[in-house]
Amino acid sequence: MPTTILDSQDQPLAREVKPHMATGLILAGLGLAAVGFAGRYVWRAGRLAQQTLNQKLGELPASGAFSKYYRGGFEPKMTKREAGLILGVSPSASKMKIKEAHKRIMLLNHPDRGGSPYLAAKINEAKDYMDNARPGSS
C-alpha cells in the first residue's frame, strides 16, 4: 500500500496515488509519445515524397507532350512536317491517305458549313504541298 505523509492534525498533505491510476497515466503518456514519433516519421517521409515528386515533375517536358493538339501557330512557309500535322497523316503517307484525310478535314472545316476560311485555305495548302512534294507526282 502506498504511504501518505500526514500533517499535525492527521490530514494527508498530498493525494494518495493508487497503482491502477498510475498505470493508466503511464499508458496514456506512452501512447502520446508513440503518436508523436509516428507523426514525425510521417512528416519527414511526406517531405521526402514531395521533393521527389517535384523533381520528377520538373523533368517532364514543358511543351504539350500530353496534349493531343499541336501547340503553336502556323509556320510562315508550309513544310512537309506542318502539312502532315494539318492533315493528320505522316509525311510519307500515300496519295490515297492524303486525299481521304483532306476530304475528312474539309467536311468538318468548310466555310460553307461554318468553318474558318483561313483554316480551309491552310488545309488546301497542306494538301497541295503534300501532293507536289511526293516524288513522281506531276
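Residues numbered from 1 in each chain as written. Predicted model: local features only at pLDDT ≥ 70, side-chain atom pairs only at ≥ 80, totals over all residues. Heavy atoms only, no water.

### Thoughts on the environment of lysine 127
You can see lysine 127 is positioned in helix α4 (residues 117-133). Those residues within four positions of lysine 127 in sequence are excluded, and the remaining contacts are Leu87, Ile98 and His102. For lysine 127, the side chain forms a polar contact with the side chain of aspartate 131, separated by 2.9 Å. (Helix = DSSP H or I, 4+ residues; strand = E, 2+ residues; numbered from the N terminus. Contact = heavy atoms within 4.5 Å. Polar contact = N/O pair within 3.5 Å; in protein donor to acceptor, adjacent residues only side chain to side chain.)

### Things to note about helix α2 (residues 80-87)
Residues Glu82, Ala83, Gly84, Ile86 and Leu87 constitute the buried set of α2. The inward-facing, buried residues of α2 abut α3 (95-109) and α4. Phi turns positive, to about 80 degrees, at glycine 88, one or two residues after α2. (Buried < 20%, exposed > 50% of the residue type's maximum accessible area, 1.4 Å probe, protein only.)

### Overview of the pattern of salt bridges
Counted by the stated rule, this structure contains three salt bridges. With its nearest N and O atoms 4.0 Å apart, the salt bridge here joins glutamate 75 to arginine 81. Residue class for glutamate 75 comes out partly exposed when judged on its relative accessible area of 27%. When the shortest N-O distance is used, the salt bridge between aspartate 131 and lysine 127 registers 2.9 Å. You can see aspartate 131 and its partner lysine 127 sitting in helix α4, four residues apart, about one turn around the helix. (Salt bridge = Lys/Arg side-chain N within 4 Å of Asp/Glu carboxyl O.)

### Overview of the confidence of the model for the protein chain
On average, residues of the protein chain score 82 in pLDDT, and 73% of them are at 70 or above. Here helix α1 (residues 19-59) is the element of the protein chain with the lowest mean pLDDT, 88, and α3 is the one with the highest, 92. (pLDDT = per-residue confidence, 0-100.)

### A short note on a nonpolar patch on the surface
On the surface, a nonpolar cluster with roughly 330 Å² of combined accessible area is contributed by Ile26, Leu27 and Leu30. As for its placement among the helices and strands, leucine 30 is situated in helix α1. When its relative accessible area of 54% is taken as the criterion, leucine 30 is described as exposed. (Patch = residues over 30% accessible without salt bridge, like charges linked within 9 Å, V, L, I, M, F, W, Y side chains within 5 Å. Areas by Shrake-Rupley, 256 points an atom, 1.4 Å probe, with all protein chains shown as cover.)

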